[in-house]
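Residue-level structural notes
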Amino acid sequence: MGEISRVVSNQWMQICVVVLVAVLVRWSVSLNPYSGAGKPPMFGDYEAQRHWMEVTSNLPIGQWYMNGTGNNLQYWGLDYPPLTAYHSWICGKVSSFLNADWVELDSSHGYESYEHKLFMRYSVLAIDVLLYIPAVLLFCWFESSKKISSFDWLRVAMIILLYPGLIVIDHGHFQYNNASLGFALLATIALSTNHDLWGSMLFVLALNYKQMELYHAMPFFCYLLGRCFRLSDENRLWKLIKIGVVVVVSFFICWLPFLTSVESVLQVLHRLFPFARGLYEDKVANVWCSIEPIIRTRERLSQDVVIKIALASTLLALLPSAIHLLFRPTIRCFRLALINSSLAFFLFSFQVHEKSILLVTLPVCLLLQEKPFECTWFLLTSVLSMFPLLIKDGQFLSTSVLCLLFLMASNVLLDSQKLKKTIHIQIIFWLSMLGMSILCISHLLVPPPARYPDIYPLLISAYSCAHFLVFFVYCHYLQFTSVAD
């Protein structure tokens, strides 16, 4: 009995160490600048999040998504789903209690102070501590509890929690991606433990926090529908009805304050899907941005045509994985389909942000124990794809240190046998890393030609996109040849 107590006590101590390291790394990054710091008139994503707190805590809920007095939608109008708005309302009320100047309607635009920065940074860290970090620990613990796949789950959890991309974007650049990704991860865990109704509800929460969770929607739909098909005849319809009711009721509750009129609903939807912004923003590591200098898609084709081409391309890239999952709804195929679906959206869909690659990195992290070498390679490439954005935020040093830490930790903590590859693969990997380093250093130190001021962001995007396409094909191969449940 005493031996069991010592083992349990030791494991809890290890968990505390993992959590403390994860928190320390995040807080260290948060000491750096944030998006738009001291850059009027629009500032950046930090100001966008603060402004949403200002709007939601001062205006009636019916005006949150509406243009009007006190809510100029041209100045960081709210463009995320209701759960983000409710989260902003809570943070706004806490802000008002601590210091009303932080969210004073109109007059607080561009508010910057040391105390406010602390509050904003703590608000992101709170989501990590309360939602994302527990979800990662729970996932890794559940995976290790399977007799056929026993491993040191805390080591894998440590690697996932040290992934540089999410840390630098949320705690450096400043966003709350950890909330939607945390809900999506909990939904994945629920499906993995045969709690399909809980998984459905949790994914609805993820989707109602950030609409980009649509990247993961098709695998959830196909897996649950495929599961219903595999049940005995008398249970199929009832199972499908229960899932449908949970999804509809969850959506209804999230959207209830905005269901006052058709106009209100349409206005929220219009804010969530702003097609007027164009095919992509800045330089994104997807297919459209990479081929733009050659094809000139946005110049030669109307926006309506581009939208149709992007939609058709995305569906074409998405369907093989989705159909396979529908007829083979296993957990392993589901997790691989999450990668394939999110990559299909990122590479081919309309209106993609560089930060959307985080939607792909979550399911890739879930594959780290099985494919540590390939996943580490992809995750480092995903950070490269966001490098031009991080440079603007003054995050070069923190990003570089985190990438080195992540690479070293992966080599030390993950399965050394699975990390060993043939000499040819190792050479390709290090050549890839060398290429990344050259692009980043050149972007930092070598002025671009006057004729091509965006040459480095474009080269980084195309280089990253090439890696993503190879990984896209590889993950399809893994899914189609999957034999495990």
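As shown above, the structure is provided for reference.
The sections below set out a description of the structure shown in this document. (Residues numbered from 1 in each chain as written. Predicted model: local features only at pLDDT ≥ 70, side-chain atom pairs only at ≥ 80, totals over all residues. Heavy atoms only, no water.)

Quick look at the overall build of the chain now. Helix and strand content of the chain: 22 helices and 0 strands. Whereas a compact globule of 485 residues would reach a radius of gyration of roughly 23 Å, the chain reaches 23 Å, a difference of no more than 12%. Once the C-alpha set of the chain is aligned to its principal axes, its extents read approximately 60 × 60 × 60 Å. Counting only residues that meet the buried cut, the chain has 55% of its 485 residues in that class. Intrachain contacts of the chain at a sequence separation of at least 6 include 77% that bridge at least 24 residues. For the chain, the centre of its 33 positive side-chain charges and the centre of its 31 negative side-chain charges are spaced 8 Å apart. (Helix = DSSP H or I, 4+ residues; strand = E, 2+ residues; numbered from the N terminus. Rg over C-alpha atoms; globule rule 2.2 N^0.38 Å. Buried < 20%, exposed > 50% of the residue type's maximum accessible area, 1.4 Å probe, protein only. Contact = heavy atoms within 4.5 Å. Lys, Arg positive; Asp, Glu negative; His and termini not counted. Charge placed at Lys NZ, Arg CZ, Asp CG, Glu CD.)

So, about the pattern of salt bridges. Here the idea is simple: oppositely charged side chains can pair when their charged atoms come close. This structure, assessed with the given rule, holds 10 salt bridges. Its salt-bridge partner being Glu47, residue Arg50 comes within 2.8 Å of it at the nearest N-O pair. Of this pair, Arg50 and Glu47 both sit in helix 2 (residues 45-58), 3 residues apart, roughly one helical turn. With respect to burial, Arg50 and Glu47 carry one shared label: buried. Note that Glu370 is salt-bridged to Arg332, the shortest N-O span being 2.2 Å. Of this pair, Glu370 sits in the loop between helix 16 (358-365) and helix 17 (372-385) while Arg332 sits in helix 15 (residues 331-348), and the two are 38 residues apart along the sequence. When its relative accessible area of 31% is taken as the criterion, Glu370 is described as partly exposed. Put simply, Glu47, Arg50 and Glu54 are held in one network by salt bridges that share partners. (Salt bridge = Lys/Arg side-chain N within 4 Å of Asp/Glu carboxyl O.)

The next thing to look at is the nonpolar core. One finds Trp64, Tyr163, Leu343, Phe346, Leu347 and Phe378 to be the most contacted residues of the largest nonpolar core, which totals 147 residues. For Tyr163, the residues in contact, after removing those within four places along its chain, are Leu358, Thr361, Cys365, Leu379, Ser382, Val383, Met386 and Phe406. (Core = buried A, V, L, I, M, F, W, Y, C linked by side-chain atoms within 4.5 Å.)

For the rest of this paragraph, the subject is the packing of aromatic side chains. The description of an aromatic ring pair rests on the distance of the ring centres and on the angle between the ring planes. Within the structure shown, the criterion is met by 25 aromatic pairs. Taking 5.5 Å as the distance between ring centres and 80 degrees as the angle between the ring planes, the aromatic pair formed by Phe174 and Tyr176 counts as edge-to-face. Per residue, the accessibility class of Phe174 equals that of Tyr176, and both read buried. Considering the side-chain rings of Phe220 and Phe334, the 5.1 Å spacing of their centres and the 85 degrees angle between planes classify their relative orientation as edge-to-face. Of this pair, Phe220 sits in helix 9 (residues 217-230) while Phe334 sits in helix 15, placing them 114 residues apart in sequence. For Phe334, a relative accessible area of 0% puts it in the buried group. In this structure an aromatic cluster arises from ring pairing among Phe346, Phe378, Phe468, Phe471 and Tyr474. (Phe/Tyr/Trp six-rings, centres within 6.5 Å; stacked < 30°, edge-to-face > 60°.)

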